[in-house]
Amino acid sequence: MHLSIDQPLDLKSSLESGQAFRWRCVDGWHVGIIYGNIVKIRQGSSGLDFSSHPSSEHDMVSNIVDYLRLDDPIDSIYDAIIKDDLMAQVVNTHKGLRILRQEPWECLVSFICSATSSIPRISATLEALANQLGAPLLLQNEVAYDFPNAEVLAGVEESLLRRLGMGFRAKYLYCASRMVVDGQIPINEMRRMLYQDAKDQLMAIPGVGEKIADCTLLFSMDKLQAFPIDRWVKRAVEEWYFDGEIMRIEDIRKWALEYFGDYAGYAQQYLFHSKRLQGKKAT
DNA sequence: CCACGGCCTGATTC
DNA sequence: AGAATCAGGCCGT
């Protein structure tokens, strides 16, 4: 199935810029899961080619539009966040990098896993979780495992989670599962909640602080003003906007929301992506 | 309020 | 080679 795209989109960067951890690349195709469907997708000159299961390709179109946020007013967003020459250049270099609209539960778990870890390890852990506890989905000669829901994860021992490589995050994941199952955290209603209200609720989960809450809000809950600050973004802002001065996270957060406005999250993703590529090349 | 060490563990560095 | 150090934080002191 072909889907024409007439706006900036860089599929590879979007799927591999550290927002989602379970996409793999096979022969130029990205294989992963979108809203319970295994999807094989690639970008050509005029748009996307993909196949899917169990939903038909026809029915998957709207899911793909949702997942890649192709409904965002991307040109207005660029206008809004390009406040200076540096951001103009960063956006231009990585034009088409999108924020994804992931499923809230998997996104929350992913970023609980991310604390003091590395992307390859985060991916391995999440894959292990899904392989062990999720339902397999088949497409052509590929298999991918759906992500286990909160009920399933709440039912496994912390020791299993540790065995799967979660380390000290195992107890956080167990708590999060319980809180979602018990209805304390209305994870699927947070898209309709105010940013700060949803954030306060997420941060009530042990192991979820400002950064992990903001990642979840930005990458799965439509809160485009969320500006997660990890070490890369911290470094990027300090070096590129404050002449290398060491800043407090809280001051960066306030500055970013003020400076970039309602689409600060997009600015964050571009800063993160370019700083990380730069950091990797340097080392 | 701020600063700091500890936490699991695999990969990378010295 | 084997031991430190680091990795997309958070929590308690």
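Bear in mind that the values here come from a model prediction, so they are computed numbers and not experimental data.

Draft legend 1. Main features of the sheet that holds strand 2 (residues 24–26). The five strands are arranged 1-5-4-3-2 in an open sheet whose pairing can be described as antiparallel. Looking along the sheet, the strands with just one partner apiece sit at the ends: strand 1 (2–4) and strand 2. In this sheet, adjacent strand axes meet at a mean angle of 35° when their direction is disregarded. Sitting on the sheet, helix 2 (residues 57–67) touches strand 1, strand 3 (29–34), strand 4 (37–43) and strand 5 (47–53), and the angle it makes with strand 5 is about 120°.

Draft legend 2. Molecular detail of the protein's contact with DNA strand B. Every residue lining DNA strand B is accounted for by Thr116, Arg121, Arg162, Gly167, Phe168, Arg169, Lys171 and Arg248. Taken together, the sugar and phosphate atoms account for 52% of what DNA strand B places within 4 Å of the protein. Arg121 has a polar side-chain atom sitting 3.1 Å from a base oxygen of DNA strand B. Arg162 places a side-chain nitrogen or oxygen 3.3 Å from a sugar or linking oxygen of DNA strand B. For the surface near DNA strand B, a count of residues per class yields one nonpolar, two polar and five charged.

Draft legend 3. Broad picture of unusual backbone geometry. Put simply, His53 and Pro54 share a cis peptide bond, and its omega is 0°. Here Pro54 shows up in the loop between strand 5 and helix 2. Despite not being glycine, Asp243 shows a phi value in the positive range, around 60°. Residue position: Asp243 is located in the loop between helix 12 (231–241) and helix 13 (249–260).

Conventions used here
- Residues numbered from 1 in each chain as written.
- Chains lettered and ligands numbered in written order.
- Predicted model: local features only at pLDDT ≥ 70, side-chain atom pairs only at ≥ 80, totals over all residues.
- Heavy atoms only, no water.
- Pairing = 2+ DSSP bridges.
- Helix = DSSP H or I, 4+ residues; strand = E, 2+ residues; numbered from the N terminus.
- Axes fitted to C-alpha atoms, helices over the stretch in contact; angles between N-to-C directions.
- Contact = heavy atoms within 4.5 Å.
- Near = heavy atom within 4 Å.
- Polar contact = N/O pair within 3.5 Å; in protein donor to acceptor, adjacent residues only side chain to side chain.
- Nonpolar A, V, L, I, M, F, W, Y, C, P; charged D, E, K, R; others polar.

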